[in-house]
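# Topology and contacts: notes
Each chain, letter by letter, is given below.
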Amino acid sequence: MRAFFSEKNRSAGYARDRMKLLLVSERIDCSPQMMKLLRNDLIHTVKKYVVIDEKGVTIQITQEPPVLHAVIPVLKKRDA
């Protein structure tokens, strides 16, 4: 029974995070598609220099103050 509630809490957290992202993207006039393109461009650029965990990459844009916050888990530096 406990596993059911913890799964529900995780789903609620994911839904809440998606809603926040949608609201922020609307406020700064940036569509979810544009956010996805931005995320993909960041991943492509950073991968030139380091090995990253692509599934762990998250981006957020806050309105006050306007800041782009990216979390990019780095696994190791890329060999030259």
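Residues numbered from 1 in each chain as written. Predicted model: local features only at pLDDT ≥ 70, side-chain atom pairs only at ≥ 80, totals over all residues. Heavy atoms only, no water.

Another aspect to go through is the overall build of the chain. Along its length, the chain carries two helices and four strands. The secondary structure elements of the chain, listed N-terminal to C-terminal, are α-α-β-β-β-β. Counting every position in the chain, which comprises 80 residues, the buried fraction comes to 14%. Sequence separation of 24 or more characterises 34% of the internal contacts of the chain that already satisfy a separation of 6 or more. Here the chain has roughly 6,800 Å² of accessible surface; of this, 59% comes from carbon and sulfur atoms. (Helix = DSSP H or I, 4+ residues; strand = E, 2+ residues; numbered from the N terminus. Buried < 20%, exposed > 50% of the residue type's maximum accessible area, 1.4 Å probe, protein only. Contact = heavy atoms within 4.5 Å. Areas by Shrake-Rupley, 256 points an atom, 1.4 Å probe, with all protein chains shown as cover.)

What follows deals with the pairing of strand β3 (residues 67–71). Both strand β2 (residues 58–62) and β3 contribute to a ladder of five bridges, which runs antiparallel. Bridge pairing in β3 places glutamine 60 opposite histidine 69. With antiparallel pairing between neighbouring strands as the criterion, β2 and β3 make up a hairpin whose turn holds four residues. (Pairing = 2+ DSSP bridges.)

The predicted model of the chain has a mean per-residue pLDDT of 78, with 74% of residues at 70 or higher. Confidence, expressed as mean pLDDT per element, reaches its minimum in the chain at helix α1 (residues 2–27) with 65 and its maximum at strand β1 (residues 50–52) with 94. (pLDDT = per-residue confidence, 0-100.)

Here we take up the pattern of salt bridges. Taken as a whole, this structure holds one salt bridge when the rule is applied. Note that glutamate 54 and lysine 47 form a salt bridge whose closest N and O atoms lie 2.8 Å from each other. Residue classification places lysine 47 among the partly exposed residues on the basis of a relative accessible area of 33%. (Salt bridge = Lys/Arg side-chain N within 4 Å of Asp/Glu carboxyl O.)

Positionally, proline 73 belongs in the loop between β3 and β4 (74–77). When the C-alpha atoms of proline 73 and isoleucine 52 are compared, they prove to be 5.6 Å apart, with 21 residues separating the residues in sequence. With near-sequence residues (within four places) excluded, proline 73 lies in contact with Val51, Ile52, Asp53, Gly56 and Val57.

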